[in-house]
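So you can see what is in the structure, the chains are spelled out below.
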Amino acid sequence: MFTKEIFRFLLKVVSSWQVIAVTIVLILYFSLVSYVAKLYHPRPEFSFDSKAPRAKKQKNEAPPEELDAGGGDDLGLEEE
């Protein structure tokens with residue numbers, strides 16, 4: 001009997017015009033905020049067919065062996 005009373009009370013609360021009006025206003029507000037957020041930060045298109053771009057390896061101008069073989073030439077040191 002106690003559960004029937006609570007069920008009736010909840011039904012009256014949920015079906016009241018105030019709750020319905022606030023629910024509709026909240027839905028409209030969140031949809032507007034979502035729309036504006038998409039305008040400022042558009043999502044990149046995603047498809048399962050495309051592969052993620054891979055980072056290209058940067059090539060050094062000279063291999064590391066050549067850099068070490070020069071000795072102090074790069075530092076402006078003179079040999080005696």
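Computed from a prediction, not measured in an experiment: that's the story for all the values here.

A. Summary view of the overall build of the chain. Tallying secondary structure elements over the chain gives 3 helices and 0 strands in all. In sequence order, the chain lays out its α and β elements as α-α-α. Here the chain holds 80 residues, and 2% of them are scored as buried. On the chain, roughly 9,100 Å² of surface is accessible, and the fraction owed to carbon and sulfur atoms is 63%.

B. Looking closely at the environment of valine 19. By the element assignment, valine 19 lies in helix α2 (residues 17–40). Note on valine 19: relative accessible area 33%, which makes it partly exposed. Non-local contacts of valine 19, meaning those with residues more than four positions away in its chain, are made with Val13 and Val14.

C. Region of interest: helix α1 (residues 2–14). In a regular helix each residue adds 1.5 Å, so 13 residues correspond to 18 Å; α1 covers 19 Å between its end C-alpha atoms and thus fits that length. Among the 13 residues that make up α1, 0 are buried, leaving the element largely open to the surroundings.

D. Layout of a nonpolar patch on the surface. Taken together, the side chains of Phe2, Ile6, Phe9, Leu10, Val13, Val14 and Val19 define a hydrophobic patch exposed on the protein surface, amounting to about 650 Å² of accessible area. Residue contributions to the nonpolar patch peak at 6 residues, all from α1.

E. A look at the confidence of the model for the chain. Averaged over every residue, the pLDDT of the chain is 78; residues scoring 70 or more account for 57%. Mean pLDDT values for the elements of the chain range from 54 in helix α3 (residues 64–69) up to 94 in α2.

Reading the values: rules and limits
- Residues numbered from 1 in each chain as written.
- Predicted model: local features only at pLDDT ≥ 70, side-chain atom pairs only at ≥ 80, totals over all residues.
- Heavy atoms only, no water.
- Helix = DSSP H or I, 4+ residues; strand = E, 2+ residues; numbered from the N terminus.
- Buried < 20%, exposed > 50% of the residue type's maximum accessible area, 1.4 Å probe, protein only.
- Areas by Shrake-Rupley, 256 points an atom, 1.4 Å probe, with all protein chains shown as cover.
- Contact = heavy atoms within 4.5 Å.
- Expected span 1.5 Å × (residues − 1).
- Patch = residues over 30% accessible without salt bridge, like charges linked within 9 Å, V, L, I, M, F, W, Y side chains within 5 Å.
- Salt bridge = Lys/Arg side-chain N within 4 Å of Asp/Glu carboxyl O.
- pLDDT = per-residue confidence, 0-100.

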